Amino acid sequence: MTGPVPELADRAVACADRLLEADRVLLASHIDADGLTSAAIAAQALERAELPFETVFEKQLDEEAIAGIAATDYDTVLFTDFGSGQLDIIGEHEDAGAFTPVIADHHQPADRETEYHLNPLLFGINGASELSGAGASYVLARALANVWNGERRSAEETSAESEWTDPRSDGGIVTASGTSDARTDNRDLAALAVVGAVGDMQASGGELHGANAKIVEEGVEAGVVETGTDLALYGKQTRPLPKLFEYATDVHIPGISNDEGGALRFLDGLDLELKRDGEWRRWSGLSNEEKQTVASALVKRAVSKGVPASKIDQLVSTAYVLSAEPVGTELRDASEFSTLLNATARYERADVGLGVCLGDRGDTLERARKLLRDHRRNLSNGIDLVTREGVTHEDHLQWFDAGDKIRETIVGIVAGMAMGNEGISRAKPILAFAEKNDEAVKVSSRGTHNLVRQGLDLSVVMGDASRAVGGDGGGHDVAAGATVPKGEEAAFIERADDIVGEQLS
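Remember, it's a predicted structure, so these values are computed and weren't measured experimentally.

Rules of the game
Residues numbered from 1 in each chain as written. Predicted model: local features only at pLDDT ≥ 70, side-chain atom pairs only at ≥ 80, totals over all residues. Heavy atoms only, no water. Helix = DSSP H or I, 4+ residues; strand = E, 2+ residues; numbered from the N terminus. Rg over C-alpha atoms; globule rule 2.2 N^0.38 Å. Buried < 20%, exposed > 50% of the residue type's maximum accessible area, 1.4 Å probe, protein only. Areas by Shrake-Rupley, 256 points an atom, 1.4 Å probe, with all protein chains shown as cover. Lys, Arg positive; Asp, Glu negative; His and termini not counted. Charge placed at Lys NZ, Arg CZ, Asp CG, Glu CD. Patch = residues over 30% accessible without salt bridge, like charges linked within 9 Å, V, L, I, M, F, W, Y side chains within 5 Å. Salt bridge = Lys/Arg side-chain N within 4 Å of Asp/Glu carboxyl O. Pairing = 2+ DSSP bridges. Axes fitted to C-alpha atoms, helices over the stretch in contact; angles between N-to-C directions. Left-handed = near helix turned anticlockwise from the far one by under 90°. Contact = heavy atoms within 4.5 Å. Nonpolar A, V, L, I, M, F, W, Y, C, P; charged D, E, K, R; others polar. Polar contact = N/O pair within 3.5 Å; in protein donor to acceptor, adjacent residues only side chain to side chain. Right-handed = clockwise from strand over helix to strand, strands pointing away. Core = buried A, V, L, I, M, F, W, Y, C linked by side-chain atoms within 4.5 Å. Phe/Tyr/Trp six-rings, centres within 6.5 Å; stacked < 30°, edge-to-face > 60°. Lys NZ or Arg CZ within 6 Å of the ring centre and 35° of its normal. Parallel < 35°, antiparallel > 145°, perpendicular 65-115°, else oblique.

(A) The arrangement of the overall build of the protein in detail. Each helix and strand in the protein was counted, giving 18 helices and 15 strands. A globule of 505 residues ought to have a C-alpha radius of gyration of about 23 Å, and the protein, at 24 Å, matches this closely. Principal axes of the C-alpha set define a box for the protein whose edges measure 75 × 60 × 40 Å. Buried residues in the protein amount to 53% of all 505 residues. Approximately 22,000 Å² of the protein is accessible, and the part contributed by carbon and sulfur atoms is 45%. Distance between charge centres in the protein, computed from 48 positive and 86 negative side chains, equals 9 Å.

Structure (C-alpha cells):
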C-alpha cells in the first residue's frame, strides 16, 4: 500500500521500520497548531504500534534544545514539524552516537543528509502549500500502521496451525474481507492532519491543495472529515450571527464589517427566524436554505457597496468539518480548532493543546477555551497598538518593534492580521520585532500568497538576513521567523530589505 502521498511512501516505510526497531522513542515537536497536531498524530501512531514514548515540546529547536535532547538516554528521537532546518546541528549529535533522528517535517532542510528524513521538499512537493508538518506525521503514521499490522499478521500466520479465524477478535487488525478499518490503519488521524494544514495557512485560495487534498480524501473516506462550499468566515460554529458578520474583515463589506449596528441591521432586514428563545442563532445551526438566503443577501450587499468581484469571490471557500465533534463547538471546524490550539501553544501550555488533540475534554478543553479568550484579547490589543503607532516603511518591506508590549509568541500573528489596516500595506511583507530575552530579539515575518507568486520567499529572507548578523532563522515562503542579537536590528532590516527587493524585482 502506497499511502496518501505515493512520492513519500518508501521513505515513510523506512522511517517506520526504524521506529519499530526502537525499545522506546522520544517524541519532540513544535508548539504551534501544526506542531501540536503533528505530535498528536505521532503519539497515537506510536501508542497503537505499542511503542513506549515520551513527548517534549520546544518553542524553538536551537542548539541548546537539541543538546538537551541529546543529553537524555533515548537512543531514538522522532522530530515532528521541525528538525529539517536544524539537520546540521542534529547531525553532529547523530555522528557522536547520541541518538538516531527520525524526522517528519516540511520546512526547508539544512545542507546535511540523514537517513530517516521524511520531508515533502525532498520529493518535489511544496512544504509551504501542499503538505504541512501534521501531513508529514500523518504519512508516517499511515506507514507505521501498515508495517506494524503487516508484522502482526505475519506473526499470526506463522503461528497459525489451524484454519483462519477473524483477527478482529484479538484487537481489530483487519475485517474478514481484508480491508483495514479507519482506526487500525490510522486514517482516522486525517482529521488532525487537516487541522494542522489549515492552522499552517496552507488553505490558499480557500482550499487545501496537493498532498493535503489527498489526506482530506482519506479523511472523508474514513468518515472523520466532511467538506463542502461555505462562507469563508471565521466563527461559523461558535459566534452568534451578528458577531460572525461584524468580525468578518478578510473581505471588508461597508456597513457590516467592523460595524456592530450595521451587522444587526443587515440581519434584522432578512425575513428569517434568526433568533430562538431570544438568542441569536449560529451559522452552524441554520438550514441549507437559510444559509443560502443569508449568503445571497451578503453578496448583494457587497455588490451594492462596490466591493470588487475578486474580493466577493473570496467570501466563499471550502469548509473542513470534523465529523465526530459536536455541532456548535470550535472543535467541529478545522479553522476554529487550529486557533484554539495556537492559543494554548502561545502561552506555554502545549500540554493542554495536546490533550485536546488526544480527545481530552472536560477540564482540559475548558482550560484551552480560557487560553483562547485571553489570546483573542491580546491579539486585539496588539492589532490596536500596531495600527495606532504605525509601521516604518523601507523600500521593499515594512516593520515595527513591539518591544515588550506584545508577546514574542504572538507578534507574528498580530503582524499578519494588521496587514491592510490604515497605513499598513498588503503590497509589502511585514516584519515584527519583540523582546525575547536580555541578549536576543525575536523577529516574525508575514507576506501574502500574492507576493509569494511574485517571488517572495520569507524563509530565505529571514534565514540569510539573520545569519548575516549572527542570528538564525527560517520557515516558509509566506511566513517565517528569526532570532537576532540585540543591537543588530538595523543591520538585519537593511539586509532583509535588500533580499526582498532582489526577490520581487
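Continuing now.
(B) Seen up close, the environment of glycine 487. Within the secondary structure layout, glycine 487 lies in the loop between strand 15 (479–485) and helix 18 (489–504). Classification of glycine 487 as exposed rests on a relative accessible area of 65%. Once the C-alpha coordinates of glycine 487 and valine 469 are considered, the two residues, 18 residues apart in sequence, prove to be 9.7 Å apart.

(C) How the structure looks around a negative patch on the surface. A contiguous patch of negative charge, built from Asp62, Glu63, Glu64, Asp88, Glu92, Asp111 and Glu113, is present on the exposed surface. One can find aspartate 88 in helix 4 (residues 87–95). Residue classification places aspartate 88 among the partly exposed residues on the basis of a relative accessible area of 39%.

(D) The arrangement of the sheet that holds strand 15 in detail. Spatial strand order, 10-11-12-13-15-14: 6 strands in an open sheet with mixed pairing. Either end of the sheet is taken by a strand with one partner, and the two such strands are strand 10 (392–393) and strand 14 (472–475). Bridge count between strand 11 (residues 398–401) and strand 12 (residues 430–435): 4 bridges; the pairing is parallel. Directly across from glutamine 398, in strand 12, lies its bridge partner isoleucine 430.

(E) Region of the structure containing the packing of helix 6 (residues 190–199) against helix 7 (residues 210–222). As a packed pair, helix 6 and helix 7 sit with axes 8 Å apart at the nearest point and diverge in direction by 145°. Seen along the crossing, helix 6 lies across helix 7 with a hand that is left-handed. Note on element contacts: helix 7 touches helix 6 through Asn212, Ile215, Val216, Glu218 and Gly219, opposite Ala190, Ala193, Val194 and Ala197. For the contact of helix 6 with helix 7, a count of residues per class yields 6 nonpolar, 2 polar and 1 charged.

(F) A look at the sheet that holds strand 3 (residues 76–80). Taking strand neighbours across the sheet as the criterion, the 5 strands line up as 2-1-3-4-5 in an open arrangement whose pairing is parallel. Of all the strands in the sheet, just strand 2 (53–57) and strand 5 (117–118) have a single pairing partner and so form its edges. Alignment of strand 1 (residues 25–29) against strand 3, held across 4 bridges, turns out to be parallel. Bridged to alanine 28 within strand 3 is phenylalanine 79. Strand contacts of helix 2 (residues 33–48): strand 1, strand 2 and strand 3, with the helix running at about 165° to strand 1, the strand carrying the most contacts.

(G) Examining the side chain of arginine 239 more closely. Take arginine 239: it is sitting in the loop between strand 6 (225–231) and helix 8 (241–246). Buried charged residue arginine 239 carries no salt bridge. Nearest counter-charge: glutamate 336, at 6.6 Å. From its side chain, arginine 239 meets the backbone oxygen of tyrosine 234 in a polar contact 3.3 Å long. Setting aside residues no more than four positions away along its own chain, arginine 239 makes contact with Tyr234, Leu244, Tyr247 and Arg282.

(H) The arrangement of the side chain of glutamine 503 in detail. Considering the arrangement of structural elements, one finds glutamine 503 in helix 18. Setting aside residues up to four positions removed in sequence, glutamine 503 forms contacts with Gln454, Gly455, Leu456, Asp457, Val460 and Val461.

(I) Layout of the pairing of strand 3. With 5 of 5 residues buried, strand 3 lies mostly within the body of the structure. The two faces of strand 3 match: Thr76, Leu78 and Thr80 on one face and Val77 and Phe79 on the other face are all buried. In terms of handedness, the path from strand 3 via helix 4 over to strand 4 (residues 100–104) forms a crossover that is right-handed.

(J) A look at the nonpolar core. Grouped together as the largest cluster of nonpolar side chains are 73 residues, with contacts concentrated most on Leu19, Ile41, Leu78, Leu140, Leu144, Val194 and Phe337. Broken down by element, the residue count for this core peaks at 10 residues, all from helix 5 (residues 133–159). Beyond its immediate stretch of four places on either side in the chain, leucine 19 contacts Val25, Leu46, Leu51, Thr76, Leu78, Val102, Leu140 and Leu144. Within the second largest apolar cluster, 25 residues are counted, among which are Leu233, Leu244, Ala263 and Phe266.

(K) Broad picture of the environment of leucine 298. Looking at the secondary structure, you find leucine 298 in helix 10 (residues 288–304). Put simply, leucine 298 and glutamate 489 are 191 residues apart on the chain and 45 Å apart in space, counted from C-alpha to C-alpha. Other than its neighbours up to four places away in sequence, leucine 298 contacts Leu231, Phe245, Ile253, Ile256, Phe266 and Leu315.

(L) Structural context of unusual backbone geometry. For glutamate 50, which is not a glycine, the phi torsion comes out positive at approximately 60°. Summarising the element assignment, glutamate 50 is placed in the loop between helix 2 and strand 2. We note that methionine 201 has phi near 60°; this positive angle belongs to a residue other than glycine. Within the element layout of this structure, methionine 201 appears in the loop between helix 6 and helix 7. For methionine 201, a relative accessible area of 40% corresponds to the partly exposed category.

(M) Summary view of the packing of aromatic side chains. One pass over the structure, following the stated rule, counts 6 aromatic pairs. The interplanar angle of 80° and the centroid separation of 6.5 Å between the aromatic rings of phenylalanine 245 and tryptophan 283 together place this pair among those described as edge-to-face. In this pair, phenylalanine 245 sits in helix 8 while tryptophan 283 sits in the loop between strand 8 (279–280) and helix 10, placing the two residues 38 residues apart along the sequence. There is no split in this pair, since phenylalanine 245 and tryptophan 283 are both buried. Grouped by ring-pair contacts, the aromatic residues Phe79, Phe82 and Phe99 constitute a single cluster. Seen from the ring of tyrosine 74, arginine 24 lies directly overhead, with NZ or CZ sitting 4.1 Å from the centre.

(N) Summary view of the packing of helix 6 against helix 12 (residues 334–345). One way to put it is that helix 6 packs onto helix 12 with a least axis distance of 8 Å and a crossing angle of 75°. Considering the angle they form, helix 6 stands roughly perpendicular to helix 12. When helix 6 is examined against helix 12, the residues Leu192, Val194, Val195, Val198 and Gly199 are found in contact with a partner set consisting of Ala334, Ser335, Phe337, Ser338, Leu341 and Asn342. Classifying every residue of the contact of helix 6 with helix 12 gives 7 nonpolar, 4 polar and no charged.

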